[in-house]
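Observations on chain architecture
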Amino acid sequence: MIPTELLKKIRRIEIATSRLASELLAGQYHSAFKGRGIEFEEVRPYQPGDDVRAIDWNVTARAGDPYIKQFREERELTVMLIVDMSGSQGFGTNEQTKRELITELCATLAFSAIRNNDKVGLLAFTDRIEKFVPPRKGTQHVLRVIRELLAHEPTGNGTDIAGALEYFRHVQRRRCTAFLVSDFQDDGWEQAIRVVRRKHDLVAIDVGDRREFELPEVGLLEMRDAESGELVLLDTTSRAVRDAWTTQATADSERRLGWMRRHRIDRLPLQTGESFVETLSAFFRRREARMEH
Amino acid sequence: MLSFHPDMLWWLLLLIPMIPLAWWRFARRSARPAVPWSTTAAARTVPHGWAARTRWVLPGLRTLAIVMLVILMVGPIKGDEQTSKSVEGVAIELVIDRSGSMQALDLTLNGRQVDRLEVVKAVAADFVLGEAELPGREHDLIGLITFGTYADSICPMTLDYTTLAEALVQVRPATEAEGANTAIGDALALAASRLNDLEDRTDLNTDDIRSRIVILLTDGADTASEIDPVAAADMAAALGIKVYTIGVGRQGLVPMPMKDAFGRTHIQQVRSDLDETTLQAIAEATGGRFFRAQNTKSLAAIYAEIDALEKTEVAEERFFHYTDLAVTPVTLGGVHLPPLLIFPMLVLLLEIVLATTRYRTIP
């Protein structure tokens, strides 16, 4: 990709997503992820109306007057975008590919994070680690992240979620909020997710395309598996074939969803060609509601 | 007859590139265009559909059409063999004595005692038509002249041996009224004349006549000729005609049916006088041979010998009229075939129709 074109693209994404981030999601993002890290700030004299539960009894005893502990939210949040760049992400039948959707989504998340003075990092992977951008602050950094998302040509083709999470655990020692953006076309990542979840706040963003669930009726369809290169010839004229495909794909997706639900992993399903704003907004609201409990 | 143009067979070499082509299609399967799909894992459990399983029909039809086209290029032909025999025949004039002496009953035919003429007729017919040791003649112009006191042309030179044989059967011994003497010289002269003006009287291509011969068969001595037999022989020799002479019958006394004054038939012993010297002279003068036939068997042997001496030369040229089946409609064994080229075309059409309808493949 020639640089001017890339710059234009980055610019366009910046405009579109930063607007989204500031106008629609900023507040929700803020509240959805606040309160996780609460930092002690100071001890100050009790004033009527303060929560009695906040009284610091040690200081009160020493001083003879009631004092309360004042906390403040830890706003130095770190957001890691763990992005799947495998071959299957090049698929997309509805206006955009999955990779394009992912890029927009990540840009939105990154801008949302920057608005809240958070650090943003990027870990792109395929069947190997493609790119690691350590978390930093600032618009310039976000733009760099977007550039990597747009322009990076993955060297691998497959998907190794477990490997990526393993690497992530090693480079990101401090607690952070991690968005795992993938289509989860891999096996054996369940254990890795559980390990990561012990320390980090993990949100799984499941990117799909409607054609993964529903074959078009176009006669014979010669498909190449984007990752394995395997060729498959399907007769999509046959209703039986299309139905069986839908059943199988739905079952695969359900199994994943079921596992995540059982392990209480935040899962955000997205589809190409659909606006992710509302889904994201709803997801944030849900999270916010859970936080307040 | 179905075959191929023999000098077009090397076109079959075109079939050889089909092998790497097929290999390439098979081995480089992954190079084929396909729609990239995020995952085809579901296809492991999903049925592919019958059209997908029978997709090979399309390359199969294409291959079939190519093979058929190559074979048609080699050119299946139906050869109608046309044999044009360039035959050099022999013009043979059979000259048969039917004088009174031919009634002599000194020969047997099939164990029956019959007169000489019957025997001669039977053997001559066999000579023409073929029977037993005699192979029969083919492509030869044969004419028949009989003679008693007067020589008559019974059958002109012809290839129609059936007619000739019929004429032969009709030959009867000459009655006294017809003239029962023996005019060898006249008969020979007539035969020579007939053979000589063959060109004028027939529309046959006389270039094809290799030689002209006379087979003169008699049982006596010349008694009534206006032309001396030896002079006639010299004339024949001058015209390039060969004369084979056959003397029939035993020498000496032979039984002869004779009618008396009351019309009754008696068998009398009559002296048979064969003029061997003259016959020999005739044969020698013309480059022929003289034969002596004492009985039916030896007569047949003589004819066989003449038959062998006068071999017809046949130069056979075989022509094939080829019908190129690829482009010409033809009837084979009662089946009307359209030009064969239509079949690979139909196969190709079928392939195209299938490929654009039920077997339409994306991409």
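Just so we're clear, the structure is a prediction, and the values are computed from it rather than from any experiment. (Residues numbered from 1 in each chain as written. Chains lettered and ligands numbered in written order. Predicted model: local features only at pLDDT ≥ 70, side-chain atom pairs only at ≥ 80, totals over all residues.)

Remarks on the overall build of chain B
The helix and strand inventory of chain B stands at eleven helices and 16 strands. Going through the 363 residues of chain B one by one, you find that 36% of them count as buried. (Helix = DSSP H or I, 4+ residues; strand = E, 2+ residues; numbered from the N terminus. Buried ≥ 20, exposed ≤ 12 C-beta atoms within 10 Å, placed from the backbone.)

Description of the overall build of chain A
When its secondary structure is counted, chain A shows eight helices and ten strands. The buried share among the 293 residues of chain A stands at 37%. Long-range contacts, defined as pairs at least 24 residues apart, comprise 74% of the intrachain contacts of chain A with a sequence gap of at least 6. (Contact = placed C-beta atoms within 7 Å.)

Side note on the environment of Ile-265 of chain A
Tracing the chain through its elements places Ile-265 of chain A in the loop between helix H7 (239-262) and strand E10 (266-271). Not counting residues up to four positions away in its chain, the partners in contact with Ile-265 of chain A are Ile-193, Arg-197, Leu-202, Ala-204 and Met-260 of chain A.

Re the interface of chain B and chain A
One frequent convention defines the size of an interface as the accessible area lost when the parts assemble. Contacts between chain B and chain A engage 26 residues on the former and 32 residues on the latter. Only strand E2 (35-37), helix H2 (50-53) and strand E16 (361-362) of chain B provide two or more residues apiece to the side of chain B that touches chain A. Of the residues assigned to the side of chain B that touches chain A, the class counts are 14 nonpolar, eight polar and four charged. Bridging between strand E8 (residues 220-225) of chain A and E2 of chain B involves three bridges; their strand directions are parallel. Within the sheet, the bridge partner assigned to Met-223 of chain A lies in E2 of chain B and is Val-35 of chain B. (Nonpolar A, V, L, I, M, F, W, Y, C, P; charged D, E, K, R; others polar. Pairing = 2+ DSSP bridges.)

Section: the sheet that holds strand E3 (residues 78-84) of chain A
All names here are of chain A. Taken in spatial order, the six strands make up an open sheet running E5-E4-E3-E6-E7-E10, and their pairing is mixed. Edge positions in the sheet fall to strand E5 (129-136) and E10, since each of these pairs with one other strand and no more. Across the sheet, the mean angle from the axis of one strand to that of its neighbour is 15°, orientation sign disregarded. Examined bridge by bridge, strand E7 (residues 201-208) and E10 share six bridges and lie parallel to one another. Bridging from a neighbouring strand, Val-203 pairs with Asp-266 of E10. (Axes fitted to C-alpha atoms, helices over the stretch in contact; angles between N-to-C directions.)

Brief notes about the confidence of the model for chain B
Residues and elements named next belong to chain B. Taken residue by residue, chain B gives an average pLDDT of 81. The fraction at 70 or more is 89%. Averaged over each element, pLDDT in chain B is lowest for helix H7 (residues 198-201) (67) and highest for helix H11 (residues 342-356) (91). Model confidence for the complex: the whole-complex pTM is 0.58, and ipTM, which rates the interface, is 0.73. (pLDDT = per-residue confidence, 0-100.)

Points about the pairing of strand E10 (residues 252-259) of chain B
Residue and element names in this part refer to chain B. Here eight bridges tie E10 to strand E11 (residues 265-272), and the two strands are oriented antiparallel to one another. Paired with Leu-253 across the strands is Arg-271, a residue of E11. The hairpin formed by E10 and E11 contains five residues between the paired strands, and Gly-263 there has a positive phi angle of roughly 85°.

As for the environment of Leu-233 of chain A
Tracing the backbone shows Leu-233 of chain A in strand E9 (residues 231-235). Once residues within four sequence positions are removed from consideration, Leu-233 of chain A is found in contact with Leu-220 and Glu-222 of chain A together with His-48, Ala-52 and Arg-55 of chain B.

Observations concerning the pairing of E3 of chain A
Residue and element names in this part refer to chain A. Most of E3 is tucked away: seven of the seven residues are buried. Burial along E3 is two-sided: Thr-78, Met-80, Ile-82 and Asp-84 facing one way and Val-79, Leu-81 and Val-83 facing the other are all buried. Relative to strand E4 (residues 119-125), E3 runs parallel, the two being bridged by seven bridges. Each residue of the ladder has a partner; that of Val-83, found in E4, is Ala-124. Considered for its hand, the β-α-β crossover made up of E3, helix H3 (residues 98-115) and E4 is right-handed. Two elements, E3 and strand E6 (residues 177-182), share five bridges in a ladder whose sense is parallel. Paired with Leu-81 across the strands is Phe-179, a residue of E6. (Right-handed = clockwise from strand over helix to strand, strands pointing away.)

Considerations on helix H8 (residues 229-238) of chain B
For an α-helix, the turn length of 3.6 residues means that residues three or four places apart are oriented alike. Pro-229, Ala-232, Ala-233 and Ala-236 of chain B are the residues of H8 of chain B that are buried. Seen from one end, H8 of chain B has its buried residues packed into an arc of 100°, which puts them on one side. (Arc of directions from axis to C-beta.)

Brief notes about the environment of Val-207 of chain A
All names here are of chain A. Here Val-207 lies in strand E7. What makes Val-207 buried here is the crowd of 27 C-beta atoms within 10 Å. Between the C-alpha atoms of Val-207 and Phe-184, which are 23 residues apart in sequence, the distance is 8.3 Å. Dropping the residues within four chain positions of it, Val-207 is found in contact with Lys-98, Leu-101, Ile-102, Val-181, Ser-182, Asp-183 and Leu-270.

Considerations on the nonpolar core
By size, the foremost hydrophobic cluster in this structure holds 64 residues, and its most contacted members are Val-95, Ala-187, Leu-188, Val-214, Ile-215, Leu-216 and Val-243 of chain B. In terms of nonpolar packing, the next biggest core, distinct from the first, is built from 54 residues, Phe-111, Leu-180, Val-203 and Ile-205 of chain A among them. (Core = buried A, V, L, I, M, F, W, Y, C linked by C-beta atoms within 7 Å.)

Notes on helix H9 (residues 276-286) of chain B
All names here are of chain B. Among the residues of H9, those classed as buried are Thr-278, Leu-279, Ile-282, Ala-283 and Thr-286. Taken end-on, H9 shows its buried residues confined to a sector of 135°, consistent with a single buried face. In the stretch just after H9, Gly-287 is the one whose phi turns positive, near 80°.

So, the packing of helix H6 (residues 184-196) of chain B against H8 of chain B
All names here are of chain B. At their nearest, the axes of H6 and H8 sit 8 Å apart, and the two run at 15° to each other. Between H6 and H8, the angle falls in the class roughly parallel. Judged by the sense of rotation from one axis to the other, the crossing of H6 with H8 is left-handed. Residues Ile-184, Gly-185, Leu-188, Ala-189 and Ala-192 of H6 touch H8, and the partners they reach there are Pro-229, Ala-231, Ala-232, Ala-233, Met-235 and Ala-236. Classifying every residue of the contact of H6 with H8 gives ten nonpolar, one polar and no charged. (Parallel < 35°, antiparallel > 145°, perpendicular 65-115°, else oblique. Left-handed = near helix turned anticlockwise from the far one by under 90°.)

Quick notes on the packing of H8 of chain B against H9 of chain B
Residues and elements named next belong to chain B. At a minimum axis distance of 8 Å, the contact between H8 and H9 shows a crossing angle of 15°. Taken together, H8 and H9 sit at an angle that is classed as roughly parallel. Our pair here, H8 against H9, has a crossing hand that is right-handed. Of the residues in H9, those touching H8 at Pro-229, Val-230, Ala-233, Asp-234, Ala-236 and Ala-237 are Thr-278, Ala-281, Ile-282, Ala-285 and Thr-286.

Brief notes about unusual backbone geometry
Residue and element names in this part refer to chain A. Positive phi outside glycine occurs at Glu-95, with the angle close to 70°. Structurally, the position occupied by Glu-95 is in the loop between E3 and H3. Located in the positive-phi region is Arg-264, a residue other than glycine, with phi close to 50°. On the secondary structure map, Arg-264 appears in the loop between H7 and E10. By C-beta crowding, Arg-264 is classed as exposed, having 9 other C-beta atoms within 10 Å.

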